[in-house]
Amino acid sequence: MTESTPTKAADPALDGPADTLEPPPARIHGWRAAWRELVKAPLTGKIGLVIVLVYIFTAIFAPVLAPYGETEVVGKQFQQWSSAHPLGTDNLGRDVLTRMIYGARNTVGVTFLTTCLTFVIGAATGLLAAAVGGWTDQMLSRIVDVLMAIPLLIFALLLLTIFGTSIPMLVLIVAVLESTRVFRLTRAVGMNIVVMDYVEVAKLRGEGLGWVMGREVLPNILSPLFAEFGLRFCFIFLLISALSFLGLGLQPPTADWGSMVRENAILITFGDFTPLLPAAAIAVLTIAVNLIVDWFLHKTSGLRDDH
Amino acid sequence: MTTNGNSGPAEPLLQIRGLRIEGQSQEIWQEIVKGIDLTLQRGEILGLIGESGAGKSTIGLAALAFARGGCRITGGEVIFDGEDLLKLPERRRRAYRGKRIAYVAQSAAAAFNPAHRLIDQYIETAVTHGVMSEKQARQEAVELYRQLQLPDPETFGQRYPHQVSGGQLQRAMVATAMACKPDLLVFDEPTTALDVTTQIEVLAAIKDTVRKYDTAAIYITHDLAVVAQLADRIMVLRYGELVEEGNTRELLENPRKSYTRKLLAVRGLRKDEERGETSLLTISNISAAYARSAMVLRDVSIRVPEGRTVAVVGESGSGKSTLARVITGLLPPLEGSISLRDQVLPATLSARNKDTLRRVQMIYQLPDTALNPRQRVRDIIGRPLQFYLGLTGRKRRERVKELLEMTELDERYLDRYPAELSGGQKQRVCIARALAAEPDLIICDEVTSALDQLVAEHVLRLLLRLQRELKVSYLFITHDLATVNAIADDVVVMCEGRIVEQGPKTEVFTPPHEDYTQILLDSVPEMDPDWLDRVLEERKTVPAA
Amino acid sequence: MNKVLVMVAQRIALGLLTLFVVSAIIFLAVELLPGDIATEILGQTATPETVAAIRRELGLDQPAYIRYFEWLLGVVQGDFGRSLATDREITELIGARLLNTLFLALVAAAVSVPLAIGLGVMAALYRNSTFDRSVNIFTLSAISMPEFFIAYMLILFFAVRIGWFPSLSKVDLDQPLFDRLYAVALPAVTLTLVIVAHIMRMTRATIINLMSSPFIEMATLKGLPPWRIVVRHALPNAWAPIVNVVVINLAYLISGVVVVEVVFVYPGLGQLMVDSVVKRDLPVVQACSLIFAATYIVLNLTADILSIVSNPRLLHPR
């Protein structure tokens, strides 16, 4: 019996897409293609996009949109909704609507900044681990394993106790902790690309690490990274809000949605929904981002989810 | 319309009429099977042959009234034993599947459930359909395992799928399909993923079984020589349409359509060998191994003359691809040396300079993974020009166009991404990229085995022409002896990391052979319906080595 | 079988090593501070003499690794040291609260895990049905809402407006079981909503992925009924990934519990930890961190071991 190794990997070309002498038609690229995708987008995706744009608009033009100053005391505390104060006033007599609008700038801004930093750290190290491999990969992976062995919120609480709750510290701590997740993903998808023959071609040509990482691997993992950016934004948003709610995130008097819930929570026991508006704002933005990510994943996975 | 016995004296077992199937690609439904008619008598074996995209597997599955995800049956009838299966509800179709029509998949390793023993997966069909008791099914399983010449038939079924080799697993799948003694078996490329020496065993097992139980079968493959061994009748398909249909012998001897003739002639390409005087690449006494594993190459010495082609032949696990990694410096050898002209190459990739790297280029098996999907053709071919030769701007553009012309590609593909090219075109881009470096040696690793046969032939002709014009040498790694015949001057036969035999092509291919070369040569199917029987007969009389 | 035992032993050893490294991080992270605890405690009032006195009292004049091993030795014997804020034994502070937290987490897990797996499998099998779509919308919303939002919404409706449940969860160890369950109802529901959503989404994805494997197609082509395909062919292979999904998501239980305890003023470990963070009572924060981290590591370890022993390739080597 001269049977050799178990079955070779099934040959993709044997049952793949039609291979004819005629090539598939050229596709459209660039802005026109992007516009087309936008028009073709499902309703949920469009809704998500509109909501996100509204939030961005609010964040940018907060000083113009807000009727009062961010920390300005404008009346008695806990006033009802009125024409002067559409959402009433808070525990210190500040205008709730104004605080909501500035909250968009502060909470979303800090989250966005943190997410960007998370990606710079996580994607760079993940890409490095995948492209170099060997000891570099082993070392980075073991460090990440250990960091991930402590539940994130708990670790964040511990570090915030030690280093204090200033905004730079908050951003840095959350970014470092969340970047472990981005590292894992980047490394995993990067590994799939590194084993491709075209990466070997580049290495055989004599290309340096920079070219391999930046030109061969990175362009091919952009879509999963983009989706991860959306998801990671949501997680970081919820984490920072939770920390603020616990009194350990953005510090007063900065207007922030998580802290606003905590400061005015007492009203809830009187059956008033107003203190929950900031929380609802958080939920709506998170849902919107998730809708966009879903649409994007659906698009790039080639409808793998439902046949 | 359910019973229609006018077509012949006996009612056919399976009759497919006007079958139409659509497949979804990029959210658009396109017809991939365009009105196929098919008739199969009891006990008859029908071969479905075609290149990829012919729709043959889709038709095979439609015989079980099944369509894969992303496909849908839009029209026609599948009348099995007088009943149109397409009109039946899913619940009643189940009564046919497995019991009266059984399916043998291409990859047995993927089609067996990893969590259950082989015999449990065998008896499940018979018991669920209420054909026999579990006890009886177990006895019959052992009987079938014995008949299919599986080792230790009494205990074979106790194993899990991962504990069994590829060829054995494929035979176990045939046994499983036979559990209910179905009237019809659908074989979907059952030997395509196997080595040639394993393929012949599986083919023999299939042929024996089908004959013994007088089962009708649909045999799907892209290889005309394989189907010729089994089929009574052959249907040639292309783009979901019938090209030609006929009795096996008639079709092979007297094909009517030019497409069929091309398919038949596909293995006929042959290069007249030439002797090479000056050595380009000299590999001396190379031994190599991957970290912490057994030796993959042992004492390998090969000489590649200038402007000539040396083919390295062997089955999976023979070490032929490892050889390529050693030459390119990806895997430094444990012993031995490699020199290009008179210059000894540093063992590791990092120790080689740009010019050394430029002189040895490589082309891969799967052009899909060898081309970066995010780079345009102009950048793929342009990069080596810039990197090695310092060409930029207009000079680089002009040279890229020249290279496209050399590889018979139109200029309008310059700005396309790989996904917008066909398989053959992608491989041409890979060739152009290798040529851009103006190399002395190109290592070709199974460059045609993922392509359809006709496309592969075009690529081989292109490589031959380029060699004549540019005097470049090829080290051609392949498992396919027809490819060797088409392109090689010298041949090296490898088995389990050693060189079994080497020399000029005609010498190696004419007797007397080494034992292994003999087995290898014998196992390559020929376009002769009697080939399999003849070889099996010879092997019985001459005990195998 | 031996190979499996070796792998399990290796995994346990690795788990212990991780626990050791994590404990070191938790204890030594404070060393990264430019000052030290003594100046932290005294703040503005620090004079060199008082700092020196506090340092001696806390043993800070010793090298860090010696203090770490002494601390670890104490922890192994159930002694976490003393609280800086209250000067009470930390073990005493933690005791009853740990049990309360465990009770809440167990109630939430017991409800949510079976519910989530059931819903996830159903959604996968009836993919793109109305059921699947509505479940998808529900879970997307649930994972998008901050835990405190869900918690306050429940309070607003079920405690304030309807008045079925208390808005504050008061429990003590002497309560009969039913009273305790009643008291933790709202916090448990909050946690359940969050975890169910996460586990369900991942279970659904796992099952869908599995149902597209060739051996499932083969089972269909064998003419097996759908229930048999699911029970006999899909589930044995789904077991390991589902356990993994469950454990990964129990991490949300750990962080969720902290927030939920604060909202419901539930006397648990999470509440204690947040209070201590605010007071910068470092020894208590370290103790709580270690307990949460150890729980998480043990959960992960369990998942790994379960997936090793349920892998046929390892159980039946060639």
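Predicted model only: the values in this text are computed from it and were never measured.

Cut-offs applied
Throughout this description, residue numbers start from 1 for each chain and increase along the sequence as written. A letter from A marks each chain and a number from 1 marks each ligand, given out in the order of writing. Note on the predicted model: pLDDT of at least 70 is required for a residue's local features to be given, and 80 or more for side-chain atom pairs to be given and counted; whole-chain, interface and lining totals, by contrast, use all residues. To obtain the side-chain values, all non-hydrogen atoms of the structure were included, while hydrogens and water were left out. Every helix listed is a DSSP run of H or I at least four residues long, and every strand listed is a run of E at least two residues long, numbered separately from the N terminus. Partly exposed residues are those whose accessible area sits between 20% and 50% of the maximum for their type, while under 20% is buried and over 50% is exposed, using a 1.4 Å probe and protein chains only. Contacts are assigned to residue pairs that have any heavy atoms within 4.5 Å of one another. Every accessible area reported is derived by Shrake-Rupley at a probe size of 1.4 Å, with residue values counting cover from the shown protein chains alone. Buried area is a sum: the accessible area each of two parts loses on coming together, probed at 1.4 Å, counted once for each and added. Think of a salt bridge as a Lys or Arg side-chain nitrogen and an Asp or Glu carboxyl oxygen that are within 4 Å of each other. Definition of a polar contact: a pair of N or O atoms within 3.5 Å, with one able to donate and the other able to accept a hydrogen when the atoms are protein atoms, and with sequence-neighbouring residues admitted only if both atoms are side-chain atoms. Amino acids are sorted into nonpolar (Ala, Val, Leu, Ile, Met, Phe, Trp, Tyr, Cys and Pro), charged (Asp, Glu, Lys and Arg) and polar (every other residue, Gly among them). UniProt positions are given in the numbering used here, feature names are shortened, and annotations may be inferred rather than shown by experiment. When DSSP finds two or more bridges between two strands, those strands count as paired. Axes here refer to lines fitted to C-alpha atoms; in helices the fit is confined to the stretch in contact. Angles between the N-to-C directions go from 0 to 180 degrees. Note on terminology: angles under 35 degrees are roughly parallel, angles over 145 are roughly antiparallel, angles of 65 to 115 are roughly perpendicular, and the others are oblique. By the definition used in this description, the sense in which the near helix is turned from the far one sets the handedness, with an anticlockwise turn below a right angle giving left-handed and a clockwise turn giving right-handed. What a helix should span is 1.5 Å times the count of its residues minus one. Bend, at a single residue, is the angle you get between axes fitted to the 7 residues ending at that residue and the 7 residues starting at it. The definition of a nonpolar core used throughout is a set of buried Ala, Val, Leu, Ile, Met, Phe, Trp, Tyr and Cys residues joined through side-chain atoms within 4.5 Å. The domain limits used here are those given by an automatic or database domain assignment.

**Considering the overall build of chain C**
1) Next: A tally of helices and strands in chain C yields 14 helices and 0 strands.
2) Next: Seen along its three principal axes, the alpha-carbon backbone of chain C occupies a region of about 85 × 60 × 35 Å.
3) Next: Buried residues in chain C amount to 50% of all 318 residues.
4) Next: The long-range share in chain C, meaning contacts at least 24 apart out of those at least 6 apart in sequence, stands at 70%.
5) Next: Put simply, chain C shows about 14,800 Å² of open surface, and 67% of that area lies on carbon and sulfur atoms.

**Side note on the overall build of chain A**
1) Next: Secondary structure summary: chain A contains 12 helices and 0 strands in total.
2) Next: Every one of the 307 residues in chain A was classed for burial, and the buried ones make up 52%.
3) Next: Pairs at least 24 residues apart make up 70% of the contacts formed inside chain A by residues separated by at least 6 positions.
4) Next: Carbon and sulfur atoms form 70% of the exposed surface of chain A, whose accessible area is close to 13,700 Å².

**Some details on the interface of chain C and chain A**
1) Next: Every contact between the two is made by 50 residues of chain C and, on the other side, 45 residues of chain A.
2) Next: Among the residues chain C hides against chain A, the three largest losses belong to Ser144(C), Phe148(C) and Tyr152(C). Together they make up 15% of the total.
3) Next: Remark: the boundary between chain C and chain A carries 1 salt bridge.
4) Next: Salt-bridge contacts for Arg201(C) lead to Asp294(A); the nearest nitrogen and oxygen are separated by 3.9 Å.
5) Next: Here chain C is connected to chain A by 5 residue pairs in polar contact (both at pLDDT 80 or more).
6) Next: Of the residues that constitute the side of chain C that touches chain A, the class distribution is 36 nonpolar, 8 polar and 6 charged.

**As for the UniProt feature "transmembrane region" (unreviewed entry) in chain C**
1) Next: In the numbering adopted here, UniProt assigns the feature "transmembrane region" (unreviewed entry) to residues 12-30, 102-125, 137-160, 180-200, 242-264 and 284-309 of chain C.
2) Next: Regarding residues 242-264 of chain C, the helix share stands at 96% and the strand share at 0%, and the terminal C-alpha atoms are separated by 31 Å.

**Re the sheet that holds strand β2 (residues 28-40) of chain B**
Residues and elements named next belong to chain B.
1) Next: Taken together, 4 strands build an open sheet; the order of strands is β2-β1-β4-β5 and the sheet is antiparallel. Looking at strand neighbours, the two that pair on one side only are β2 and β5 (83-84), the edges of this open sheet.
2) Next: Bridge count for strand β4 (residues 71-80) against β5 is 2 bridges, and the pairing is antiparallel. Paired with phenylalanine 80 across the two strands is glutamate 83, which belongs to β5.

**Description of the pairing of strand β19 (residues 490-495) of chain B**
All names here are of chain B.
1) Next: For β19, the tally of buried residues reaches 5 of 6 residues, placing the bulk of the element in the interior.
2) Next: Where β19 lies against strand β20 (residues 498-504), 6 bridges are found, and the strand directions are antiparallel. Within β20, the residue paired with valine 493 across the bridge is glutamate 501.
3) Next: Where β19 folds back onto β20 in an antiparallel hairpin, the turn is made up of 2 residues, including glutamate 496, whose phi is positive at roughly 50°.

**Let's talk about the packing of helix α1 (residues 2-28) of chain C against helix α13 (residues 282-309) of chain C**
Between two packed helices, both the angle of their axes relative to each other and the distance between the axes serve to describe the pair.
All names here are of chain C.
1) Next: Where α1 meets α13, the axes come as close as 10 Å, and the angle between the chain directions of the two elements is 165°. Relative to α13, α1 is oriented roughly antiparallel. As α1 runs across α13, the sense of the crossing is right-handed. In this structure, α1 uses Val4, Met7, Val8, Arg11, Ile12, Gly15, Thr18, Leu19, Val22, Ser23, Ile26 and Phe27 to contact α13, whose residues at the interface are Gln286, Ser289, Leu290, Ala293, Ala294, Ile297, Leu301, Asp304, Ile305, Ile308 and Val309.
2) Next: Tallied by class, residues from the contact of α1 with α13 come to 16 nonpolar, 5 polar and 2 charged.

**Things to note about unusual backbone geometry**
1) Next: The step from Pro252(A) to Pro253(A) runs through a cis peptide bond, and the omega angle for that step is 10°.
2) Next: Among the structural elements, Pro253(A) can be located in the loop between α10 (222-245) and α11 (257-264).
3) Next: Within the chain, Asn285(B) stands out as a residue other than glycine whose phi angle is a positive 45°.
4) Next: On the secondary structure map, Asn285(B) appears in strand β11 (residues 279-289).
5) Next: A relative accessible area of 41% means that Asn285(B) is categorised as partly exposed.
6) Next: The phi angle at Glu446(B) is positive, at roughly 50°, despite the residue not being glycine.

**Quick notes on the pattern of salt bridges**
1) Next: Counted under the stated rule, the structure contains 63 salt bridges over all chains.
2) Next: For the salt bridge of Arg100(B) with Asp183(B), the shortest nitrogen-to-oxygen distance reads 2.8 Å. Placement of Arg100(B) in the loop between α2 (90-93) and β6 (101-104) and of Asp183(B) in the loop between α7 (166-177) and β7 (184-188) is noted, with a sequence separation of 83 residues between them.
3) Next: Within this structure, Asp90(A), Arg94(A), Arg99(A) and Glu263(A) form a network of salt bridges that share partners.

**A look at the environment of Ile16(B)**
Residues and elements named next belong to chain B.
1) Next: Of note, isoleucine 16 is situated in strand β1 (residues 14-25).
2) Next: Separated by 23 residues in sequence, isoleucine 16 and threonine 39 place their C-alpha atoms 6.3 Å apart.
3) Next: Those residues within four positions of isoleucine 16 in sequence are excluded, and the remaining contacts are Ile36, Asp37, Leu38, Glu77 and Val78.

**Thoughts on the UniProt feature "domain: ABC transmembrane type-1" (unreviewed entry) in chain A**
1) Next: In the UniProt entry, the feature "domain: ABC transmembrane type-1" (unreviewed entry) is given for residues 104-297 of chain A.
2) Next: Helix and strand shares over residues 104-297 of chain A are 80% and 0% respectively, and the end C-alpha atoms of the span are 27 Å apart.

**Description of the packing of helix α15 (residues 377-389) of chain B against helix α17 (residues 423-436) of chain B**
Residues and elements named next belong to chain B.
1) Next: Where α15 meets α17, the axes come as close as 8 Å, and the angle between the chain directions of the two elements is 15°. In terms of orientation, α15 and α17 fall into the roughly parallel class. Two packed elements cross with a definite hand, and for α15 against α17 that hand is right-handed. Contacts from Val377, Ile380, Ile381, Pro384, Leu385 and Leu389 of α15 reach α17 at Val429, Ala432, Arg433 and Ala436.
2) Next: For the contact of α15 with α17, the per-class residue count stands at 9 nonpolar, no polar and 1 charged.

**Brief notes about helix α7 (residues 167-194) of chain A**
One turn of an α-helix holds 3.6 residues; hence residues three or four places apart share an orientation.
1) Next: For α7(A), with 28 residues, the first-to-last C-alpha span of 38 Å sits near the 40 Å given by 1.5 Å per residue.
2) Next: At Ser179(A), α7(A) shows its strongest bend, of approximately 30°.

**Details of the nonpolar core**
1) Next: Leu243(A), Trp257(A), Phe148(C), Tyr152(C), Val258(C) and Val263(C) are the most contacted members of the largest nonpolar core, which has 142 residues in total.
2) Next: Looking at this core element by element, the count peaks at 15 residues for helix α11 (residues 226-263) of chain C.
3) Next: Counting the residues that make up this core, at least three belong to each of domain 1 (2-76) and domain 2 (99-279) of chain C.
4) Next: Sequence-distant contacts of Trp257(A), defined by excluding residues within four places in its chain, comprise Tyr55(A), Arg99(A), Met100(A), Gly103(A), Ala104(A), Thr107(A), Val108(A), Phe237(A), Pro278(A), Ala281(A) and Ile282(A).

**Re the sheet that holds strand β17 (residues 441-445) of chain B**
Residue and element names in this part refer to chain B.
1) Next: The strand order across the open sheet built from 6 strands is β16-β17-β18-β13-β19-β20, with neighbouring strands paired in mixed fashion. Where the open sheet ends on each side, the last strands, each with one partner, are β16 (360-363) and β20. Neighbour-to-neighbour, the strand axes of this sheet turn through a mean angle of 15°, independent of strand direction.
2) Next: Two elements, β17 and strand β18 (residues 473-478), share 5 bridges in a ladder whose sense is parallel. By the bridge assignment for β18, leucine 441 is matched with serine 473.
3) Next: Contacting β13 (309-313) and β18, helix α18 (residues 453-470) runs over the sheet at an angle of about 155° to β18.

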